[in-house]
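Read off the chains here:
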2 protein chains.
Amino acid sequence: MALGKDYATQECSIARALEVVGERWTLLVVRDALYGVRRYNDFLVHLGIPRAVLAARLQALTAEGILEKRRYQQSPPRDEYVLTERGIALWPTLRALGLWGRRHFGEAQLRYFRHAACGTELGPYGECALCGTVVPVEDVLMEPGPGLDPHPADPVGRVLLKPKRLLEPLETEPA
Amino acid sequence: MALGKDYATQECSIARALEVVGERWTLLVVRDALYGVRRYNDFLVHLGIPRAVLAARLQALTAEGILEKRRYQQSPPRDEYVLTERGIALWPTLRALGLWGRRHFGEAQLRYFRHAACGTELGPYGECALCGTVVPVEDVLMEPGPGLDPHPADPVGRVLLKPKRLLEPLETEPA
DNA sequence: ACTGAAGGTTCGGTCACCGAACCAAGGTGT
DNA sequence: ACACCTTGGTTCGGTGACCGAACCTTCAGT
């Protein structure tokens, strides 16, 4: 966990995973990256995370091969953080966690996740019941649900109100 | 998260879930509970967790309705902590997290999870390919794999070397 | 009365997290 | 040329979570 003490005595893949993504904020950064957030400032305003913590998480996730830092313009030099295959592979975990949270602690449907090809809402394991396949992350269409605040304070939240595919980068909005 | 600051600005089931199970050690306690650990001392020696932290986690998980504290003998009064339905529902999350951890950071197979009825190893979503059904947690048989240390230092680890079903309580071994 | 096991609580130290302030590089406006 | 803005950070002091170790309580057995 890169915390004071690791889970040294644990011989367990779950503990290994938590060492990497178990710290505070880490999974929410990955979630935002799945939603298409790529830039430091967008993570910052959407998560409400302290700047220093965000910088540390981005660096750690990059070091672990979950995010990749990529120059997207030369002048002025700007980098974005994009999920690697290893990071994308966290989608089933986040999906399971989100379903559990909604079922047991939240009532309202905040977002729908559909198979982009046919519009069918995904099953609990990210599968499309109609097509009978597990839907690849980039073919998942995310739409706002009835429980979602229609007027979020932060601009990133507003951009995320529009239906879009996972991983598809945020359209940078005009200031 | 019951941490200094919660994920207040997040309107998201994942954030809600992490508020409940996102703290250090929490998911490992739930994992152990799935493995059949029920008693304070067994959690303690198996996790190597500080006593105060364990007490806090058990209390918080009980308050959230994930564990249930249950008197299992009157004299001396002894309580055990058992997963509720809400706690058992975390199995898919832990399964996904464990698979991710093994695939991306650990090599060896530490434990097998099989459908007790037919012996088939579970698929990524806890389904039995042979029977074509999602296997209920209590029908999952856990067996040690080749990567697991055959002589763990702690007694609970030794008991967990024996194949057993999830949720089935540990056989208390003689001192 | 003494000992031991189970299940905690207390305590002082360290380290992660917090918000706010500051910094730097590269445009942009005037 | 100069001020100012945007982006992406780093630094800093304060708070609180986590750490190991020690201590405490209840009850059983002898």
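Here is what the cut-offs are and how they apply
Residues numbered from 1 in each chain as written. Chains lettered and ligands numbered in written order. Predicted model: local features only at pLDDT ≥ 70, side-chain atom pairs only at ≥ 80, totals over all residues. Heavy atoms only, no water. Helix = DSSP H or I, 4+ residues; strand = E, 2+ residues; numbered from the N terminus. Rg over C-alpha atoms; globule rule 2.2 N^0.38 Å. Buried < 20%, exposed > 50% of the residue type's maximum accessible area, 1.4 Å probe, protein only. Contact = heavy atoms within 4.5 Å. Areas by Shrake-Rupley, 256 points an atom, 1.4 Å probe, with all protein chains shown as cover. Lys, Arg positive; Asp, Glu negative; His and termini not counted. Charge placed at Lys NZ, Arg CZ, Asp CG, Glu CD. Buried area = accessible area lost by both parts, 1.4 Å probe. Salt bridge = Lys/Arg side-chain N within 4 Å of Asp/Glu carboxyl O. Polar contact = N/O pair within 3.5 Å; in protein donor to acceptor, adjacent residues only side chain to side chain. Axes fitted to C-alpha atoms, helices over the stretch in contact; angles between N-to-C directions. Parallel < 35°, antiparallel > 145°, perpendicular 65-115°, else oblique. Left-handed = near helix turned anticlockwise from the far one by under 90°. Pairing = 2+ DSSP bridges. Domains from an automatic or database assignment.

A.B. asks: Would you take a moment to explain the overall build of chain A for this structure?
C.D. replies: Secondary structure assignment for chain A yields seven helices and seven strands. Traced from its N-terminal end to its C-terminal end, chain A shows the element sequence α-α-α-α-β-β-α-α-β-β-β-β-α-β. For 175 residues, the compact-globule estimate of 2.2 N^0.38 gives 16 Å, and the C-alpha radius of gyration of chain A, at 17 Å, lies within 12% of that figure. In terms of its C-alpha atoms, chain A occupies a principal-axis envelope of roughly 45 × 45 × 30 Å. Taking all 175 residues of chain A together, the buried fraction comes to 49%. Within chain A, counting contacts between residues at least 6 apart in sequence, those at least 24 apart form 50% of the total. For chain A, the accessible surface area stands at approximately 8200 Å², while carbon and sulfur atoms represent 53% of it. Each charge sign in chain A was given a centre, from 22 positive and 22 negative side chains, and these centres are 3 Å apart.

A.B. asks: Explain the interface of chain A and chain B here, please?
C.D. replies: One frequently used descriptor of interface size is the decrease in accessible area upon assembly of the parts. Each side of the interface is counted separately: chain A has 51 residues, and chain B has 51 residues. Of the roughly 4800 Å² buried where chain A meets chain B, counting both sides, 63% is carbon and sulfur surface. In terms of surface lost to chain B, no three residues of chain A exceed A:Arg24, A:Trp100 and A:Tyr125, which account for 16% of the buried area on that side. Scanning the region where chain A abuts chain B turns up two salt bridges. A:Glu85 serves as the salt-bridge partner of B:Arg103, at 3.6 Å between the closest nitrogen and oxygen. Counting every contact that joins chain A to chain B gives 10 residue pairs in polar contact (both at pLDDT 80 or more). Elements with a minimum of two residues in the side of chain A that touches chain B: α1 (13-21), α2 (26-34), α3 (40-47), α5 (85-88) and α6 (91-104) of chain A.

A.B. asks: What am I meant to see in the packing of α6(A) against helix α6 (residues 91-104) of chain B here?
C.D. replies: Here α6(A) crosses α6(B) at 165°, and the two axes come no closer than 8 Å. Comparing their axes, α6(B) and α6(A) come out roughly antiparallel. In the packing of α6(A) onto α6(B), the handedness of the crossing is left-handed. Of α6(B), the residues touching α6(A) (which contributes A:Pro92, A:Thr93, A:Ala96 and A:Leu97) are B:Pro92, B:Thr93, B:Ala96 and B:Leu97.

A.B. asks: When you look at the sheet that holds strand β3 (residues 111-115) of chain B in this model, what are you seeing that I'm missing?
C.D. replies: Strand pairing within a sheet occurs via backbone hydrogen bonds; the two strands may be parallel or antiparallel. All names here are of chain B. Strand order across the open sheet formed by three strands is β3-β6-β7, with antiparallel pairing between neighbours. Each having just a single partner strand, β3 and β7 (164-165) make up the two edges of the open sheet. Inspection of the sheet shows strand β6 (residues 140-144) paired to β7 by two bridges, in the antiparallel sense. Looking across to β7, one finds that leucine 141 is bridged to arginine 165.

A.B. asks: I'm lost on the domain arrangement of chain A in this one. Help?
C.D. replies: Residues and elements named next belong to chain A. Along its sequence, chain A is carved into domain 1 (1-89) and domain 2 (90-168). Distance between the C-alpha centres of domain 1 and domain 2: 20 Å. The interface of domain 1 with domain 2 comprises 18 residues on the first partner and 17 residues on the second. Taken together, both faces of the contact between domain 1 and domain 2 bury some 1400 Å²; the carbon and sulfur share is 73%. For the domain 1 face of the interface with domain 2, the top three residues by lost area are Leu34, Tyr35 and His46, together amounting to 44%.

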